[in-house]
Amino acid sequence: MALHPYDLYDVRSLLSEEERAVQDTVARFTDERVLPIIGDAFDQGRFPKELIPEIAELGLLGSSLPEEYGGGGLNSVSYGLICQELERGDSGIRSFVSVQSSLCMYPIFAYGSEEQKKRWLPDMAAGKVIGCFGLTEAHGGSDPANMKTNARKDGGDWVLNGSKMWITNGNVADIAIVWAQTDDGIQGFVVEKGMAGFAAQEIKHKMSLRASVTSSLFFDNVRVPEANRLPNVKGLKGPLGCLTQARYGITWGPIGAAVACLDEALNYSKERILFDRPVAATQSAQLKLADMARRITMAQLLVVQLGRLKDAGKMAPTQVSLAKWNNCRMAIDIARQCRDLLGGAGITTEHVAIRHALNLESVITYEGTETVHQLVVGRELTGINAF
Ligand SMILES: Cc1cc2nc3c(=O)[nH]c(=O)nc-3n(C[C@H](O)[C@H](O)[C@H](O)COP(=O)(O)OP(=O)(O)OC[C@H]3O[C@@H](n4cnc5c(N)ncnc54)[C@H](O)[C@@H]3O)c2cc1C
């Protein structure tokens, strides 16, 4: 019996019927709606906003949140599969869904008041309100405790000053979850588009995640009502709790990108005739392809177990760090090798490898760089903080 080339260990058999149905639905969306347009969108540096209603219709925004708030009530493995299949299309599309679901809807759900949940979550699940998440500042994203953006209480309002950088969805967002220093530690605020003194500026000249909007946010004496402060968390654990959710999704996403690249390189090398035989008939090409399949298989097994731990309430942030590090490194290495197997053809966006390789430069950097996650694992082993 032939094995499936992109699932050599039959990891799909570890999935429930519902999880498989989720995977198949999102795979179809990626094949039919994302792949036909994404190369051009990347070339043009354009986020395909027109996909948002369909993404919402499929229930991919806030898919793990309870149905009473517009969520899908799906488990974590299903959320991971959504990320994997979307990123098989493009990391930018997966980033949009990650930010909306894990970095914006999750903090409102986990740290917000009942009024805040009712006010924003159903519209966010429907794709009518788009969110962004402002944690990183220009002077050092790896060290978020060194935050300069601040909020001062003034009567019934808060007055927000400072700036954020590298914010996904910044210029398409209706609301921003902004983390700021206060007299009482770091707190989260829902800043609304149109509030006086709040501005977003798109970051241009990106060579990565070109089909995604990335922005700087500026706050100049922005008056935010107390009703927009997230009341149920204080300190860095607020944003870090959101990052654990989003990073979990990112452990799955790059598997999709890697599979897309392997699929392309496998087909290309079987058809490309050099020295009277297909490139795929050479030992060096087979070694490369076999190594890719080995690394994808390990990544697939890692995330299924991670998802099961998360659904059992037993997932530790260090486990997420190890998987984010491993799977981003796996995917970026595979994308670059596939680019090489395509020769000159691999440098254009007519093929997927270079687009994924460039996108993965962001994915391996954001939500904690590779080094940051290695240091988290090192700290777990040694008990010594080496940051
Ligand atoms: C496309 C894109 C989208 C993003 N979206 C968002 C978003 O929506 N919201 C948000 O808040 N942020 C977002 N980010 C920001 C992202 O999380 C940061 O870029 C990331 O955390 C790294 O921060 P930095 O860029 O300031 O790099 P720095 O922190 O300055 O890191 C520079 C280098 O130093 C290394 N380093 C860091 N600490 C140590 C150490 N202790 N020892 C040794 N080396 C170290 C790093 O690994 C890196 O190589 C996004 C970034 C990108 C590129």
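Residues numbered from 1 in each chain as written. Predicted model: local features only at pLDDT ≥ 70, side-chain atom pairs only at ≥ 80, totals over all residues. Heavy atoms only, no water.

Novice: Can you walk me through the layout of surface pockets in this structure?
Specialist: In this approach, a probe sized like a water molecule rolls over the atoms, and the result shows the empty space that is left. Size it by volume and the largest pocket reaches roughly 1,100 Å³. Elements with a minimum of two residues in the lining of the largest pocket: α4 (91–111), β3 (157–168), α6 (237–271), α8 (317–341) and α10 (370–382). Take the lining of the largest pocket: its biggest share by element is 6 residues, from α6. Partitioning the lining of the largest pocket into residue classes produces 18 nonpolar, 18 polar and 6 charged. By volume, the second largest pocket amounts to about 580 Å³. Lining the second largest pocket are 24 residues; nearest its centre among them are Tyr 6, Gln 23, Gln 84, Glu 85 and Val 259. If you list the elements that add at least two residues to the lining of the second largest pocket, you get α1 (17–44), α3 (76–89), α6 and α7 (283–311). When residues of the lining of the second largest pocket are assigned to their parent elements, the largest contribution, 6 residues, is made by α6. Of the residues contributing to the lining of the second largest pocket, the split by class is 13 nonpolar, 5 polar and 6 charged. (1 Å grid on protein atoms, 1.4 Å probe; cavity = no way out; pocket = protein on both sides within 12 Å on 5 of 7 lines; lining within 4 Å. Points joined across faces, edges and corners; volume = space filled by probe spheres on them. Helix = DSSP H or I, 4+ residues; strand = E, 2+ residues; numbered from the N terminus. Nonpolar A, V, L, I, M, F, W, Y, C, P; charged D, E, K, R; others polar.)

Novice: What should I look at first to understand the pairing of β3 in this one?
Specialist: Regular strands place side chains that alternate from one sheet face to the opposite one. Of the pairings in the sheet, the one linking strand β2 (residues 150–154) to β3 comprises 5 bridges and is antiparallel in character. When the sheet's bridge partners are listed, Arg 152 is paired in β3 with Val 159. Linking β2 back to β3 in an antiparallel pair, the connection comprises 2 residues, with Gly 155 at a positive phi of about 65 degrees. (Pairing = 2+ DSSP bridges.)

Novice: Any chance you could explain the site of the ligand here in plain terms?
Specialist: Taken together, 18 residues lie near the ligand, and Thr 136, Gly 141, Ser 142, Trp 166 and Thr 369 sit nearest. At 2.7 Å from a nitrogen atom of the ligand is found a main-chain nitrogen or oxygen belonging to Trp 166. Within the backbone of Glu 367, a nitrogen or oxygen atom sits 3.4 Å from an oxygen atom of the ligand. Here the ligand loses 68% of its free accessible area of 980 Å² to cover by the protein chains. At a threshold of 2 Å from the grid points, most atoms of the ligand map onto the largest pocket. For the shell around the ligand, the secondary structure elements donating two or more residues are β3 and α10. At 3 residues, β3 tops the list of elements feeding residues into the shell around the ligand. Tallied by class, the residues present in the shell around the ligand amount to 8 nonpolar, 9 polar and 1 charged. (Near = heavy atom within 4 Å. Polar contact = N/O pair within 3.5 Å; in protein donor to acceptor, adjacent residues only side chain to side chain. Areas by Shrake-Rupley, 256 points an atom, 1.4 Å probe, with all protein chains shown as cover. Sits in = over half its atoms within 2 Å of the grid points.)

Novice: Just to check I follow, could you spell out the pattern of salt bridges for this structure?
Specialist: Note on pairing: side chains with opposite charge can pair once their charged atoms come close. One pass over the full model with this rule turns up 21 salt bridges. Glu 137 serves as the salt-bridge partner of Lys 164, at 2.9 Å between the closest nitrogen and oxygen. Of this pair, Lys 164 sits in strand β3 while Glu 137 sits in the loop between β1 (131–134) and β2, placing them 27 residues apart in sequence. Like Glu 137, Lys 164 is buried. Taken together, the shared-partner salt bridges in this structure form one network comprising Arg 295, Arg 329, Asp 333 and Glu 370. (Salt bridge = Lys/Arg side-chain N within 4 Å of Asp/Glu carboxyl O. Buried < 20%, exposed > 50% of the residue type's maximum accessible area, 1.4 Å probe, protein only.)

Novice: Please clarify how empty space enclosed by the protein should be interpreted in this entry.
Specialist: With the rule as written, the count across this model stands at 1 cavity of 30 Å³ or more. Of the pockets and cavities examined, the largest cavity occupies roughly 50 Å³. Around the largest cavity, the lining residues are Leu 135, Thr 136, Glu 137, His 139, Gly 140, Gly 141, Asp 143, Pro 144, Asn 146 and Met 147. Counted by class, the lining of the largest cavity contains 3 nonpolar, 5 polar and 2 charged residues.

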